Amino acid sequence: MIDPKTFENLIIVWIIFALLLFPVLLFVKQPYGRHMRKGWGPTISNQTGWVIMEIPSLIILSYYFIFFHNYNAIATVLFLMWFIHYINRTLVFPFKIKTKGKKMPLLIIIFGILFNLVNASFNGIAIGQMPDYKIFELNDSFRLILGFILFVFGMIINISSDRILISLRKSSTNGYQIPRKGLFKWISCPNYFGEILEWIGFAVMAWNLAALSFSIWTIVNLLPRALDHHKWYLQYFPDYPNERKAIIPYIL
Ligand code: NDP
C-alpha cells in the first residue's frame, strides 16, 4: 500500500509534468489522424493502435476494483463511469472508425500507454481507497449530482460527435468533409469538448487529486489538438463556417 503523502507528491509531479507539456503541444501537432506526418519513426495500423493504447485503462481499473474490494456506492459508480467510457474507447470506437490503411506512429502508442498506465493507476488507487460518503449530506450530494450530470452530458456529446465524424466518411478513402450536425454548428471539436466535460465531471464527483490530474491531462492533450484541427479546417475548406470556434462555443 502506498503511503498517502508519497501518493500525493507523485500526483503533484504528474500535474506539473502536464503543465510543462502544454506549451509544447501548442507548437507541436500530435502526429496522428489528419496531422500524421513522416519523421516520427515506425508506424502501425491506426485501429490496432487505439486498442493497444487504451486497453491498459480498462485492465488496471478492473484490477484495482477487485483488489481494493471497495464497493461503497460512490466508488462503485465512479468505477462504472470509468469502465463505460473505456469500453467505448477500447472496444467500440476503434471498430467503428473508417481509417483502414491509415497508420499511427509507434511513439504515440507508447506515450498513450504510459499516459493510461499512470492515470488509471492513480485513479484506481484513489477510488479504491475512497471513504464512504454521507451521500445525504447537502454539500456532498450537490457536488456528486453535479459531477455526475457533467460526466453524462460530456459522454453523450463525446460519443455522438465522434459518430457524426465517423459517418461523414462513406469509406476509408473518402477523406474529410465539413461536419455540420449537432454541436459542430458552434465548434470544430465537440468530441474533445465532451471528453473534457466528462473528466471535469468525474473530478468534481471523485473530489481527489488523482481525478483532478486526469482532467488537467485531458485538457492539455485535447485543447491544443482542437486548435490545430480548427486551423486545419480553415485552411483546407475555403467555405468553412467563419463563426465557428475551435472548442468552446463563442469563446475559443
Ligand atoms: P478526431 O476528431 O481527430 O477523429 C475522430 C475520427 O473521425 C477519426 O477516425 C477521424 O479520421 C474521423 N474524422 C475526424 N474529422 C473528420 C472529418 N472532418 N471528416 C471525416 N472524418 C473525420 O479525434 P481523435 O482521433 O484525436 O480522438 C478520438 C477520440 O479519442 C475522441 O473522442 C477524443 O476525445 C478521444 N481522445 C481522448 C484523449 C484524452 O486525453 N482523454 C486524447 C486523445 C483522444 P482520421 O483519423 O483519418 O483523421
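Sequence positions are assigned chain by chain, starting from 1 and proceeding in written order. With pLDDT at 70 or above as the cut-off, local features in this predicted model cover only qualifying residues; side-chain atom pairs require 80 or more to be listed or tallied, and sums for whole chains, interfaces and linings still use all residues. To obtain the side-chain values, all non-hydrogen atoms of the structure were included, while hydrogens and water were left out.

What's the story with the overall build of the chain in this structure? I'm lost.
Strands are runs of DSSP state E lasting at least two residues, helices are runs of H or I lasting at least four, and both sets are numbered from the N terminus onward. In terms of regular secondary structure, the chain is built from seven helices and two strands. Each helix (α) and strand (β) of the chain, taken in turn from the N terminus, gives the series α-β-α-α-β-α-α-α-α. A compact globule built from 252 residues would reach a C-alpha radius of gyration of about 18 Å, and the chain, at 19 Å, matches this within 12%. Each principal axis of the C-alpha distribution contributes one length, and for the chain these read about 55 × 40 × 30 Å. The cut-offs for exposure are 20% and 50% of the maximum accessible area for each residue type, with area from a 1.4 Å probe on protein chains only; residues under the lower value are buried, those over the upper are exposed, and the others partly exposed. Across the 252 residues in the chain, those meeting the buried criterion constitute 49%. Contact between two residues is taken to exist if any of their heavy atoms lie within 4.5 Å; hydrogens are not considered. The contacts of the chain with a sequence gap of at least 6 include a subset with a gap of at least 24, amounting to 82%. A 1.4 Å probe and the Shrake-Rupley method give the accessible areas. Residues count as covered only by the protein chains that appear here. Accessible surface, the chain: about 13100 Å² in total, of which carbon and sulfur atoms supply 71%. With C-alpha atoms as the basis for the radius of gyration, the globule rule is written as 2.2 Å multiplied by the number of residues raised to the power 0.38.

Looking at this model, I keep getting lost on the site of the ligand. Mind explaining?
Around the ligand there are 27 residues in total, and Arg34, Lys102, Asp162, Tyr176 and Tyr192 lie nearest to it. Within the side chain of Arg89, one N or O atom sits 2.9 Å away from an oxygen atom of the ligand. With the chains in place, 96% of the 880 Å² that the ligand exposes on its own is no longer accessible. Every element with two or more residues in the shell around the ligand is listed here: helix H3 (73–96), helix H5 (138–167), helix H6 (190–206) and helix H7 (209–236). Counting residues per element, the shell around the ligand draws most heavily on H7, at six residues. Near residues are defined by distance, with any heavy atom within 4 Å of the molecule or strand qualifying the residue. Pairs of N or O atoms are called polar contacts if they sit within 3.5 Å, as long as, within protein, a hydrogen donor faces a hydrogen acceptor (for residues adjacent in sequence, only side-chain-to-side-chain pairs).

Can you help me understand the nonpolar core in this one?
As a rule of thumb, soluble globular proteins bury nonpolar side chains together. Here the nonpolar core consists of buried residues drawn from Ala, Val, Leu, Ile, Met, Phe, Trp, Tyr and Cys, with membership extended through side-chain atoms lying within 4.5 Å. Leu61, Leu78, Trp82, Ile127, Trp199 and Phe202 are the most contacted members of the largest nonpolar core, which has 41 residues in total. Contributing elements (two or more residues each) for this core: helix H1 (4–27), helix H2 (46–68), H3, helix H4 (106–128), H5, H6 and H7. A total of eight residues in this core trace back to one element, the largest contributor, which is H3. Discounting residues that sit within four places of it in the chain, Leu61 has contacts with Phe79, Trp82, Phe83, Ala120, Gly124 and Ile127. Judged by nonpolar contacts, the second largest core, of nine residues, contains Trp50, Phe93, Ile97 and Met104.

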